[in-house]
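# Tertiary structure, described
Here are the chains, one letter per residue:
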Amino acid sequence: WGIVDYATWAVDAVFKYRGFSLQGEYYFKNITRHEKGLFCMNTACTVTAPGLLGNATGWYVQSGYYLIPRYLEVAGRFSYWDPDTNASGDLVYQTDASINWFLNGTYDHQIMVTYSNIQMGTGGYAIGRSAPLPPQSGTIPLDAQGGTLIEHLIRVQYQLFF
C-alpha cells in the first residue's frame with residue numbers, strides 16, 4: 001500500500017440519569033495513500049485505483065435502562081459506517097439488542113446476551129474491507145460486483161473487571 005496517512009476527528013456525548021443511559025459518537029477519517037505505484041484496475045493497467053482512498057465516516061447511538069437497578073439492564077445500539085465515501089455499496093449497518101445481568105449488583109462481573117444484525121455492503125476500496133484487484137479477465141474490478149452480506153448472531157459472554 002505504500003505510505004498511508006490517517007487524519008481522524010471524533011466527537012461523543014454521554015448522558016446518564018437514574019438507570020437510563022444514552023450515548024453516541026460521530027467520527028470522520030481521511031485516508032491518503034502515497035509513495036507507491038497505484039494499483040492496476042484492469043489487465044492492461046490503463047485504469048488505476050485512486051491515491052486518495054476517500055474519507056471514512058461513521059456514527060452510533062446506544063441506550064440502556066435498568067429494569068432492576070444495579071442488576072438487570074436492557075440495551076440497544078445502532079451504528080452506521082461508510083469506510084470510503086468515494087465508493088458506493090460499502091456501507092455497514094449494525095443493530096444490537098442486549099440483556100445484561102450484573103452479578104452481586106456490582107460492575108465487577110456480568111453476563112451479557114446480545115443479538116446483532118449486521119448488514120455489510122461488498123463494494124468499495126477501503127483498506128481492510130475489500131481487495132481492489134482486477135479479475136482474471138475483463139475490466140470490472142471484483143469490488144464492483146456489489147451485494148450485501150447479512151449476518152444474524154447471538155453472543156453470550158461473561159466479563160470480569162479487575
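Here, the structure is the one placed above.
The rules behind each value
Residues numbered from 1 in each chain as written. Predicted model: local features only at pLDDT ≥ 70, side-chain atom pairs only at ≥ 80, totals over all residues. Heavy atoms only, no water. Helix = DSSP H or I, 4+ residues; strand = E, 2+ residues; numbered from the N terminus. Buried < 20%, exposed > 50% of the residue type's maximum accessible area, 1.4 Å probe, protein only. Areas by Shrake-Rupley, 256 points an atom, 1.4 Å probe, with all protein chains shown as cover. Phe/Tyr/Trp six-rings, centres within 6.5 Å; stacked < 30°, edge-to-face > 60°. Lys NZ or Arg CZ within 6 Å of the ring centre and 35° of its normal. Pairing = 2+ DSSP bridges. Polar contact = N/O pair within 3.5 Å; in protein donor to acceptor, adjacent residues only side chain to side chain.

This part covers the overall build of the protein. Along its length, the protein carries zero helices and seven strands. Reading the secondary structure of the protein in the N-to-C direction produces β-β-β-β-β-β-β. Classification of the 162 residues of the protein by burial places 28% in the buried group. Carbon and sulfur atoms provide 62% of the accessible area of the protein, an area that totals close to 10200 Å².

As a further point, take the packing of aromatic side chains. In total, this model carries eight aromatic pairs according to the counting rule given. Taking 5.5 Å as the distance between ring centres and 50 degrees as the angle between the ring planes, the aromatic pair formed by tryptophan 59 and phenylalanine 78 counts as tilted. Within this pair, whereas tryptophan 59 is found in strand β3 (residues 52-68), its partner phenylalanine 78 is found in strand β4 (residues 72-82), the two being separated by 19 residues in sequence. For tryptophan 59, a relative accessible area of 36% gives the class partly exposed. Between the aromatic rings of tryptophan 59 and tyrosine 80, the centroid separation amounts to 6.2 Å while the plane-to-plane angle is 25 degrees, which identifies the pairing as stacked. Taken together, the residues span a long stretch of sequence, with tryptophan 59 in strand β3 and tyrosine 80 in strand β4 at a distance of 21 residues. Connected via pairs of aromatic rings, a cluster forms that spans Trp59, Phe78, Tyr80 and Tyr93. Sitting over the face of the ring of tyrosine 60, arginine 77 holds its NZ or CZ atom 4.0 Å from the ring centroid.

Looking now at the pairing of strand β1 (residues 3-17). The pairing of β1 with strand β2 (residues 20-34) spans 15 bridges and is classified as antiparallel. Pairing of tryptophan 9 across the sheet is with phenylalanine 28, part of β2. The loop that links β1 with its antiparallel partner β2 comprises two residues; one of these, arginine 18, has a positive phi angle of about 45 degrees.

With respect to the helices, strands and loops of the structure, glutamine 110 is situated in strand β6 (residues 109-121). Among the residues examined, glutamine 110 registers a relative accessible area of 7% and is labelled buried. Of note is the side chain of glutamine 110, whose polar atom sits 2.5 Å from the side chain of glutamine 159.

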